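Structural overview for review
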Amino acid sequence: MYLTVGNALDGTKKKIGSYTGIFKNNVLNVKRQENDIIFEGICEEDIESECYEYFDLGTDYEEIKKKLAKIDEHLKESVKYGEGIRILKQDLWETIISFIISANNNIPRIKGIIDRISKKYGNKIQFRGKEYYTFPDMEHLGEASVEDLRALGLGFRDKRIYETTKMFLDKKITLEELENEQDTEVLREKLMSLSGVGGKVADCIMLFSLKKFNVFPVDVWVRRVMNELYIKEEDENKVSKELLQNLAKEKYKELAGLAQQYLFYKRRSS
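Computed from a predicted model, the values in this text were never measured in an experiment.

Time to look at the side chain of Q260. Locating Q260 in the fold gives a position in helix 14 (residues 256-269). Q260 gets classed as buried once you look at its relative accessible area, which sits at 5%.

With that settled, consider the pairing of strand 6 (residues 130-133). Bridge count for strand 5 (residues 124-127) against strand 6 is 4 bridges, and the pairing is antiparallel. When the sheet's bridge partners are listed, I125 is paired in strand 6 with Y132. The loop that links strand 5 with its antiparallel partner strand 6 comprises 2 residues; one of these, R128, has a positive phi angle of about 50°.

A few words on helix 3 (residues 73-81). Looking only at helix 3, the buried set comprises L75, S78 and V79. Taken around the axis of helix 3, the buried residues stretch over an arc of 100°, which confines them to a single face. In helix 3, the exposed positions angled more than 90 degrees off the buried face are occupied by E73 and K80. Looking at the buried residues of helix 3, the elements they touch are helix 2 (61-69), helix 13 (241-252) and helix 14. Structurally, the start of helix 3 carries an N-cap: the backbone nitrogen of H74 is 3.1 Å from a side-chain oxygen of D72.

Attention now goes to the packing of helix 10 (residues 184-192) against helix 11 (residues 199-208). Following both chains from N to C, one finds helix 10 and helix 11 inclined at 120°, their axes separated by 9 Å at the closest point. Accordingly, the angle class assigned to the pair helix 10 and helix 11 is oblique. The two elements helix 10 and helix 11 cross, and the hand of that crossing is right-handed. Across the interface between the two elements, T184, L187, R188, L191 and M192 of helix 10 pack against G199, A202, D203, I205 and M206 of helix 11. Of the residues contributing to the contact of helix 10 with helix 11, the split by class is 6 nonpolar, 2 polar and 2 charged.

Reading guide: rules and limits
Residues numbered from 1 in each chain as written. Predicted model: local features only at pLDDT ≥ 70, side-chain atom pairs only at ≥ 80, totals over all residues. Heavy atoms only, no water. Helix = DSSP H or I, 4+ residues; strand = E, 2+ residues; numbered from the N terminus. Buried < 20%, exposed > 50% of the residue type's maximum accessible area, 1.4 Å probe, protein only. Pairing = 2+ DSSP bridges. Arc of directions from axis to C-beta. Contact = heavy atoms within 4.5 Å. Polar contact = N/O pair within 3.5 Å; in protein donor to acceptor, adjacent residues only side chain to side chain. Axes fitted to C-alpha atoms, helices over the stretch in contact; angles between N-to-C directions. Parallel < 35°, antiparallel > 145°, perpendicular 65-115°, else oblique. Left-handed = near helix turned anticlockwise from the far one by under 90°. Nonpolar A, V, L, I, M, F, W, Y, C, P; charged D, E, K, R; others polar.

What follows is the structure, encoded as structure tokens:
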């Protein structure tokens, strides 16, 4: 099965390799072929609709970039620097658990933990002679005890993952409830009722899964770039999260989350 998205590269001829990854119950290979992006893999549903939703192909990013570039020169430069940025529509359950795992963690360890959880509790899919494991649903992850999770290297996060999974299984909160909540502040409060979810993690979940582009997750890199560009406090640690979020809301409005991604990418890549 494959899907071709034509004219995705605006005439660019630069050659790159391909990437194979897993989302939901799908294994997908993405590669560039001249002016096209080729999607090929094993999908639970129709590959075209799955890719269209996951890669957010229905959003007009060209129009968004035009709006952001008009805000100021800093953002105009960042938009040029991160021209291909796209906010994926990630599975809500996987996003919640993955961001709880990310707390006080680094990328190699996060990846290792998720790989181990998936191999232990996910489904195996064979694709092009290799084995891939999907992220476990809440029922399968609910089979794990705190001790089981600790054995997979979660550290202090083991209890948080266990408690959050149990909250969903006990219907104290549901994915549908979160997906249907339109009020961003109410949604943040509901997410923060989950074990291991603080303000930043809640904002990340809203941005990367629930498409709340008006949120503005703040971490050390975002604080640094916002301070360097706008606030210019000698000690960046004195710059509060509230100040940054208020500045983003005033300056970037409903596109704050997308502005954050362009600024974050430029700061990390410079």
